[in-house]
Amino acid sequence: MTSTGEIIALNNAGEAAEGWRNLDFFRDVVSQDLGLPEDEFCLSNLEVNDATGKQSGFMSLLHRVKVDVEFKNGKCERKSYVVKEKSSDVFGGDWVEKFNVFDKEFEAYQKLIPEYEKLFRHEVQFGPRFFKAVATPFTVMVMEDLIASGYEMKDCSNRLNLSDSRVVLSKLAKFHAASAVYYKHNGPYSKLFKTGMYDEATAGDSEAYIGNLFKSLVASMKDRNVSSQFLDLINQWNANPYVSGAKLFRLNDKDFNVLNHGDLWMNNVMFGDSDLLVIDFQIAFFGSFTFDFLEFVLCTVEVDEVLNGFDELVEYYHQELKDAFDTLNHSDLSPSLESLQADIERHGFLAALLIIEAIPMITYSKVGELSMDLMSSSEPEGEEFRRKLYHNEKFVEVVDRLLPFLYERGYLKCPNGL
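Conventions and cut-offs
- Every chain begins its residue count from 1, and numbering advances along the sequence as written.
- With the structure being a predicted model, the display of local features is reserved for residues of pLDDT at least 70 and the display and counting of side-chain atom pairs for 80 or more, all residues being used for whole-chain, interface and lining totals.
- Heavy atoms throughout the structure, all of them, feed into the side-chain values; hydrogens and water do not.
- We call a pair of cysteine sulfur atoms a disulfide when they lie within 2.5 Å.
- UniProt positions are given in the numbering used here, feature names are shortened, and annotations may be inferred rather than shown by experiment.
- Numbered from the N terminus, helices here are DSSP runs of H or I no shorter than four residues, and strands are runs of E no shorter than two.
- Relative accessible area decides the class of each residue, using a 1.4 Å probe on protein chains only: under 20% of the type maximum gives buried, over 50% gives exposed, and in between gives partly exposed.
- When DSSP finds two or more bridges between a pair of strands, those strands are recorded as paired.
- In plain words, nonpolar cores are sets of buried Ala, Val, Leu, Ile, Met, Phe, Trp, Tyr and Cys residues tied together by side-chain atoms within 4.5 Å.
- Residue contacts follow a heavy-atom distance rule, with two residues in contact if any of their heavy atoms lie within 4.5 Å.
- Aromatic pairs are defined between Phe, Tyr and Trp rings, using the six-membered ring for Trp, whenever the two ring centres lie within 6.5 Å; interplanar angles under 30 degrees are classed as stacked, those over 60 as edge-to-face, and all others as tilted.
- By definition, being over a ring means that NZ of Lys or CZ of Arg is both within 6 Å of the ring centre and within 35 degrees of the ring normal.
- In the sections that follow, a salt bridge refers to a side-chain nitrogen of Lys or Arg positioned within 4 Å of a carboxyl oxygen of Asp or Glu.
- What a helix should span is 1.5 Å times the count of its residues minus one.
- Two axes define the bend at a residue: one fitted to the seven residues ending there, one fitted to the seven starting there, and the bend is the angle between them.

Here's the deal with the state of the cysteines
Under the criterion given, the structure shown has zero disulfides. Counting only cysteine sulfurs, Cys42 is the nearest neighbor of Cys76, a cysteine outside any disulfide, at a range of 9.7 Å. In this structure Cys156 is a free cysteine whose sulfur lies 12 Å from that of Cys299, the closest cysteine sulfur available.

A few points about the UniProt feature "domain: CHK kinase-like" (unreviewed entry) in the protein chain
Taking the UniProt record as the reference, the feature "domain: CHK kinase-like" (unreviewed entry) is found at residues 141-327. Spanning residues 141-327, this segment combines 50% helix with 10% strand, and its end C-alpha atoms are found 32 Å apart.

With respect to the pairing of strand β4 (residues 76-85)
Counting buried positions along β4 gives seven out of ten residues, so the element sits mostly inside the fold. Both strand β3 (residues 61-71) and β4 contribute to a ladder of ten bridges, which runs antiparallel. Paired with Lys66 across the two strands is Ser80, which belongs to β4. In textbook terms, the turn of a hairpin is the stretch between consecutive antiparallel strands, and for β3 and β4 this stretch comprises four residues, one of which, Gly74, has a positive phi near 95°. Across five bridges, β4 lies against strand β6 (residues 140-144) in antiparallel orientation. Across the sheet, Val82 pairs through a bridge with Met143, a residue of β6.

As for the nonpolar core
Core analysis: the biggest nonpolar cluster contains 125 residues, and Trp237, Phe293, Phe310 and Ile355 have the highest contact counts within it. A per-element tally of this core places helix α12 (residues 350-363) first, with eleven residues. Every residue in contact with Trp237, bar those within four places of it in the chain, is listed here: Phe214, Leu217, Phe349, Ala352, Ile356, Leu412 and Cys414. Grouped together as the second largest cluster of nonpolar side chains are 18 residues, Trp20, Leu43, Val65 and Val69 included.

Focus on the packing of aromatic side chains
One pass over the full model with this rule turns up 35 aromatic pairs. One aromatic cluster in this structure is built from Tyr109, Tyr116, Phe120, Phe126, Phe130, Phe175, Tyr182, Tyr183, Tyr189, Phe193, Phe281 and Phe286. The ring centre of Phe25 lies 3.6 Å from the NZ or CZ of Lys132, which sits over that ring.

A closer look at the side chain of Asp280
With respect to the helices, strands and loops of the structure, Asp280 is situated in the loop between β9 (276-278) and β10 (285-288). The contacts of Asp280, once residues within four sequence positions are left out, are Lys84, Glu105, Tyr109, His261 and Asn268.

What about the environment of Leu62?
Relative to the helices and strands, Leu62 resides in strand β3. Put simply, Leu62 and Lys84 are 22 residues apart on the chain and 4.7 Å apart in space, counted from C-alpha to C-alpha.

Quick look at the environment of Ala358
Position of Ala358 among the secondary structure elements: in helix α12. The class of Ala358 is buried, set by a relative accessible area of 17%. For the pair Ala358 and Asp205, spaced 153 residues apart in sequence, the C-alpha separation works out to 18 Å. Discounting chain neighbours no more than four positions away, the residues touching Ala358 are Cys299 and Leu353.

Some words on the pattern of salt bridges
Under the counting rule described, the total for this entry stands at 23 salt bridges. The salt bridge involving Arg78 is made with Glu47; its shortest N-O contact spans 2.8 Å. Taken as a pair, Arg78 in strand β4 and Glu47 in strand β2 (residues 41-50) lie far apart in primary sequence, 31 residues in all. With a relative accessible area of 38%, Arg78 lands in the partly exposed category. If you follow the salt bridges from partner to partner, you end up with Asp33, Glu77, Lys79 and Arg129 in one network.

Some words on helix α15 (residues 393-409)
Across its 17 residues, α15 extends 25 Å between first and last C-alpha, which sits within 8% of the 24 Å expected from 1.5 Å per residue. At Leu403, α15 is bent by approximately 30°, the largest bend along its length, and proline Pro404 sits one to four residues beyond. Among the residues of α15, those classed as buried are Phe395, Val396, Val398, Val399, Leu402, Leu403, Phe405 and Leu406. Among the structural elements, α6 (207-223), α7 (228-234), α9 (290-300), α10 (303-327), α12 and α14 (380-391) are those in contact with the buried residues of α15. Just beyond α15, the residue with positive phi is Gly410, at close to 85°.

Section: the environment of Phe25
Locating Phe25 in the fold gives a position in the loop between α1 (13-18) and α2 (27-34). Leave out the neighbours within four places in its chain, and Phe25 touches Gly19, Trp20, Lys132, Val134, Phe138, Val140 and Val142.

Shown next, in the form of structure tokens:
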């Protein structure tokens, strides 16, 4: 069960000045974790390390905190937690504020995920236990260390096989079903979840970033003599495809609308012996399920499975979704397979946007060296960085195999009105 830690503001000047890197800050965390009053144990030997090395945080800094706990009976235990810290020193830079990253994740962990798990009578867990969040004067959240709990992250240099992909889709279907039932019971989600990665209000801010990426993508495809049947369609995309993405995911009553995770790829899924959990709900939004489904399948599933079994993946997701709604006693909310297929058809152009940004970033061999400044820069250094990004061997292999599939499905064609 996910804990529902409280979001607080530190008003004590001394406590605020010390920040969070001290034993006192973790007393209530350990108390909640162990289910013991704070006077039942003592803490010592606080250790703070970077949790993920160079890949730490596209949108935040991640720390692994270890602390010794001594109980009244003399026994000792070493506990480990993950602290996510807001910082301007991350890849996402200004986008942390524009996407309301921490506000979204606070609400997702503190309020929404516990309610979703409650709908499943706590027989399904979606994310790590959440212990504490501080909004001011510094912004951090403290969560379960899933590595210490026996979970692991798959190697992002490889894509997921069919078996693992189905496990993810099963959990995703349950998450989506719970979010739809929650919506029916409680009404609209807060305005924080109105938009996700693609937001019309901030579309203009992305022009240099996405525009330069798009131009470099086209240049690399020309350099590699990519077929004109693909390039002719790609050249018809909006000069700022981010705008097209924002319009594509406007809330539409025709769609099967759910709370999307918003960034569902390999590094945001943690696998245990018999289950998996999802992390990083930083750009979640309410809208068509197709965002999560298409992003996961096209960015993470083995390409052979996508090319040869895409329709079967849709059918599997649909069946898992139906089963989830049945479990939640809301079969009335379960969409037909045909409606899901039509929804995917309407949003297939998301594949184009994934080719511009997500897939090259995921396949880049030196993920920890990705630079927002270089990716958006019009200077020669930026152009050279993007050339490496789009000539990366893994990107070329994935995209060149996907292009014929996307072409045949019509996903390379920018829909009218976008």
